[in-house]
Amino acid sequence: MPAVVLLGSQWGDEGKGKITDLIANDFDYVVRYQGGNNAGHTVIHGDKKLALHAIPSGIMYPEVIPVIGNGCVVDPKVLVGEMDMLREEGFSTERLLISNNAHVIMPYHCDLDGASERRLGNNLIGTTKRGIGPCYQDKAARIGIRMQDLLDEHIFRKKLEAALQEKNDILTKIYSLQPYTVDQICEEYLPFAEVIKSHIVDTSHILNEALGSSKSILFEGAQGTLLDLDHGTYPFVTSSSCTAGGATIGSGIGPTKIDRVLGITKAYVTRVGSGPFPTELSDEIGKTLTTVGGEYGVTTGRVRRCGWYDAVIAKYAVEVNGLTDIALTKLDVLGALDTIKVCIAYEYEGEVYKTLPTSQTVLHHAKPIYQEFPGWKCDISHCRSFFDLPHEAKDYVDFLEELAGVPISIIAVGPDRDQTIMRHWPSF
Ligand code: GDP
Ligand code: IMO
Ligand code: MG
């Protein structure tokens with residue numbers, strides 16, 4: 001009864017969608033446990049390229065049951081739109097389960113997300129403006145509205161009325177924005193509730209029963225380790241627990257149930273939005289990575305910041321997530337470069353840091369210490385075995401594996417499902 005957590009080891013967009021799609025067929029359930037439609041996971045399934053924001057990437061397999069767990073925040077409009085899109089593409093959404101306890105993203109959350117970013121000016125986080133932070137804020141303040149509330153108009157109206165008393169004051173008096181009425185939101189949201197009500201269930205109980213009857217579960221993380229609210233580069237983070245521990249909280253299964261944790265790790269690093277990024281490249285090499293790697297945000301279309309592989313954050317991701325395996329993605333992209341660098345430590349004011357500095361100020365100013373490797377300067381996207389790779393690529397992978405201290409069990413050499421080298425990853 002394997003339960004496997006798959007998550008991002010860096011700042012998101014590591015290729016979680018591709019690897020989820022690659023291994024999902026081995027599992028009975030694929031579960032999103034945190035985040036919302038700030039995520040953008042690309043899945044190339046046959047001749048179809050899909051961008052999924054709210055729904056787990058396992059949905060394309062007819063035998064897999066996709067689950068949106070209690071730790072997620074759900075924008076019903078986006079969810080229903082994504083269900084429609086999937087049906088139009090020929091995929092059934094009948095099996096989708098949504099936790100009764102997942103929180104609902106309301107229109108005022110999106111307004112407040114945009115308004116607080118404008119107020120931050122140059123210090124902005126660079127959020128996706130999907131209302132994620134304000135929705136989790138309400139959850140923590142215990143004034144959030146949950147999926148189960150959508151099922152009872154009376155309760156929904158009562159909770160909305162209470163929430164709007166405060167939200168309308170903030171919208172109008174602090175941000176000079178338009179207020180909302182209960183009727184206005186009900187008119188928009190209740191028809192969505194009608195569409196999704198049959199999917200809303202106690203997913204925690206269902207998942208525990210499933211594990212009890214030898215079913216297998218894949219937890220699909222969103223965002224990445226360094227965007228985790230507790231363990232990331234705060235305040236330049238998202239508002240949920242993207243690390244492995246989040247999988248238990250965000251789904252309602254116990255930590256003893258998790259067997260393996262697979263860290264999806266890009267062969268270089270990207271970041272969207274603000275915040276420290278020691279290995280960032282603002283030169284031609286950075287531009288090459290953007291172009292060759294197609295590094296444009298799936299959710300917002302923003303150009304992703306690109307930089308060299310950072311072994312300090314990789315080691316950190318191994319530690320805070322208890323990674324048992326790594327899937328190294330986009331190795332093919334590095335084939336465009338003459339030389340490749342790996343950051344093995346940072347330097348700041350004469351001191352060398354081999355682990356993440358305790359002070360974020362140090363991380364902001366840290367200078368990477370690099371080890372340089374010759375590039376392989378060829379297309380490796382056809383390689384299907386580790387031994388097919390040029391020796392320079394094998395040396396690079398071996399070096400990253402040695403630094404991380406856990407096996408690189410999967411290597412992705414292209415966006416398609418079959419552009420993958422399976423090394424030590426088992427079939428379940
Ligand atoms: P996610 O958010 O972690 O699922 O990642 P995104 O979908 O936002 O971004 C990853 C991008 O890289 C997508 O366009 C994928 O199709 C693409 N991709 C994934 N793995 C590989 C790979 O090994 N090589 C190349 N060239 N592209 C890849
Ligand atoms: P996937 O799942 C990359 C970033 C935003 C911003 C910060 C906070 O596709 O890897 P938020 O809207 O969550 O409050 O924004 O987090 N961010 C992501 N960056 N990939 C993502 O998701 C992201 N989701 C949020 O750019 O810096
Ligand atoms: Mg993404």
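As shown above, the structure is provided for reference.
Residues numbered from 1 in each chain as written. Chains lettered and ligands numbered in written order. Predicted model: local features only at pLDDT ≥ 70, side-chain atom pairs only at ≥ 80, totals over all residues. Heavy atoms only, no water.

Chemist: Describe the layout of surface pockets, with residues and values.
Modeler: Looking at the second largest pocket, its volume works out to about 580 Å³. In terms of lining, the second largest pocket is formed by 26 residues, of which the most central are T42, G293, R304, K330 and P415. For the lining of the second largest pocket, the secondary structure elements donating two or more residues are α1 (16-23), β3 (41-45), β4 (48-52) and α9 (284-293). Counted by class, the lining of the second largest pocket contains nine nonpolar, nine polar and eight charged residues. (1 Å grid on protein atoms, 1.4 Å probe; cavity = no way out; pocket = protein on both sides within 12 Å on 5 of 7 lines; lining within 4 Å. Points joined across faces, edges and corners; volume = space filled by probe spheres on them. Helix = DSSP H or I, 4+ residues; strand = E, 2+ residues; numbered from the N terminus. Nonpolar A, V, L, I, M, F, W, Y, C, P; charged D, E, K, R; others polar.)

Chemist: Tell me about the coordination of the magnesium ion (ligand 3), and please be specific about residues and values.
Modeler: Within the protein, the atoms that donate to the magnesium ion (ligand 3) are D13 (OD) and G40 (O), at distances of 2.0 to 2.2 Å. Note that D13 is positioned in the loop between β1 (3-8) and α1 and G40 in the loop between β2 (29-32) and β3, a separation of 27 residues in sequence. Accessibility expressed as a relative area gives 12% for G40, which makes it buried. (Donors = N, O, S within 2.8 Å, 3.2 Å for Na, K, Ca; no water. Buried < 20%, exposed > 50% of the residue type's maximum accessible area, 1.4 Å probe, protein only.)

Chemist: Any chance you could break down the pattern of salt bridges for me, citing the residues and the numbers?
Modeler: For the coordinates displayed, the defined rule picks out 21 salt bridges. Taking the shortest distance from any N to any O, the salt bridge between D13 and R304 comes out at 3.1 Å. Of this pair, D13 sits in the loop between β1 and α1 while R304 sits in the loop between α9 and β13 (305-307), and the two are 291 residues apart along the sequence. Owing to a relative accessible area of 21%, D13 belongs among the partly exposed residues under this scheme. Measuring nitrogen to oxygen at the nearest pair gives 3.6 Å for the salt bridge that ties E166 to K167. Through salt bridges with shared partners, a single ionic network connects D13, K266, E295, R304 and K330. (Salt bridge = Lys/Arg side-chain N within 4 Å of Asp/Glu carboxyl O.)

Chemist: Talk me through the side chain of K18; I want residue IDs and the actual numbers.
Modeler: Looking at where K18 falls in the secondary structure, it is placed in helix α1. Contacts of K18, omitting those with residues within four sequence positions, involve T42, A412, G414, P415, D416, R417, Q419 and T420. (Contact = heavy atoms within 4.5 Å.)

Chemist: Break down the side chain of S240 for me, citing the residues and quoting the values.
Modeler: Turning to its location among the elements, S240 is positioned in the loop between β10 (217-220) and α8 (245-249). A relative accessible area of 5% means that S240 is categorised as buried. A distance of 3.0 Å separates the side chain of S240 from the side chain of Q34, its partner in a polar contact. (Polar contact = N/O pair within 3.5 Å; in protein donor to acceptor, adjacent residues only side chain to side chain.)

Chemist: Now, about helix α6 (residues 182-196): what can you tell me, with residues and values included?
Modeler: For α6, built from 15 residues, the straight-helix expectation of 21 Å at 1.5 Å per residue is met to within 8% by its first-to-last C-alpha distance of 20 Å. Its axis deflected by about 30° at E188, α6 carries its strongest bend there, up to four residues before the proline P191. Buried within α6 we find V182, I185, C186, Y189, L190, F192, A193 and I196. Buried residues along α6 sit against α2 (76-88), β7 (97-99), β8 (103-104), α3 (107-120), α5 (153-174) and β9 (200-201). (Expected span 1.5 Å × (residues − 1). Bend = angle between axes of the 7 residues up to and from the residue.)

Chemist: Mind laying out the sheet that holds strand β5 (residues 65-68), listing which residues take part and the relevant values?
Modeler: Read from one edge to the other, the open sheet built from ten strands follows the order β9-β7-β5-β2-β10-β1-β11-β15-β19-β20, with strand pairing classed as mixed. Edge strands, defined here as strands with exactly one partner in the open sheet, are β9 and β20 (420-422). (Pairing = 2+ DSSP bridges.)

Chemist: Describe the site of ligand 2, with residues and values.
Modeler: Surrounding ligand 2, one finds 20 residues, the nearest of these being D13, K16, H41, T128 and T238. In the environment of ligand 2, an oxygen atom lies 2.7 Å from a nitrogen or oxygen atom belonging to the side chain of H41. A distance of 2.6 Å separates an oxygen atom of ligand 2 from a polar side-chain atom of T128. Relative to its free-state accessible area of 560 Å², ligand 2 is covered by the protein chains to the extent of 97%. Residues of the shell around ligand 2, tallied by class, amount to seven nonpolar, ten polar and three charged. (Near = heavy atom within 4 Å. Areas by Shrake-Rupley, 256 points an atom, 1.4 Å probe, with all protein chains shown as cover.)

Chemist: Mind laying out α3, listing which residues take part and the relevant values?
Modeler: Over its 14 residues, α3 runs 20 Å from end to end, which matches the ideal 20 Å to within 8%, given 1.5 Å per residue. Restricting attention to buried positions, one finds in α3 the residues P107, Y108, H109, L112, D113, G114, A115 and E117. Buried-residue contacts for α3 involve β8, α4 (132-141), α5 and α6. Looking at the residues trailing α3, positive phi occurs at G121, about 55°.

Chemist: So what's going on with the nonpolar core? Residues and values would help.
Modeler: Ranked by internal contacts, the top residues of the largest apolar core, which has 53 residues, are F219, L331, L334, L389, Y396 and I411. The dominant element in this core, judged by the number of residues it contributes, is helix α12 (residues 391-404), at six residues. Among residues more than four places away in sequence, those in contact with L334 are A267, Y268, L289, I340, W376 and Y396. Core analysis: the next-biggest nonpolar cluster, separate from the first, contains 40 residues, M60, I68, V74 and V182 among them. (Core = buried A, V, L, I, M, F, W, Y, C linked by side-chain atoms within 4.5 Å.)

Chemist: So what's going on with the packing of α3 against α5? Which residues, and what values?
Modeler: Contact pair α3 / α5: the axes reach a minimum separation of 11 Å and the direction vectors enclose 30°. By the criterion of interaxial angle, the relationship of α3 to α5 is roughly parallel. The two elements α3 and α5 cross, and the hand of that crossing is left-handed. Contacts between α3 and α5 involve Y108, D111, L112 and R119 from the former and L160, A163, L164, K167, I170, L171 and I174 from the latter. Looking at the contact of α3 with α5 residue by residue, the classes come out as eight nonpolar, no polar and three charged. (Axes fitted to C-alpha atoms, helices over the stretch in contact; angles between N-to-C directions. Parallel < 35°, antiparallel > 145°, perpendicular 65-115°, else oblique. Left-handed = near helix turned anticlockwise from the far one by under 90°.)

Chemist: Any chance you could break down the site of ligand 1 for me, citing the residues and the numbers?
Modeler: Close contacts around ligand 1 come from 18 residues, with G15, K16, G17, T42 and D332 the closest. K16 places a main-chain nitrogen or oxygen 2.7 Å from an oxygen atom of ligand 1. Between an oxygen atom of ligand 1 and a main-chain N or O atom of G17, the distance comes to 2.8 Å. Within the complex, the protein chains bury 93% of what would otherwise be the 590 Å² of accessible surface of ligand 1. Comparing atom positions with the cavity grids shows ligand 1 to sit within the second largest pocket. Elements supplying a minimum of two residues to the shell around ligand 1: α1 and β3. Taken together, the residues of the shell around ligand 1 break down into five nonpolar, six polar and seven charged. (Sits in = over half its atoms within 2 Å of the grid points.)

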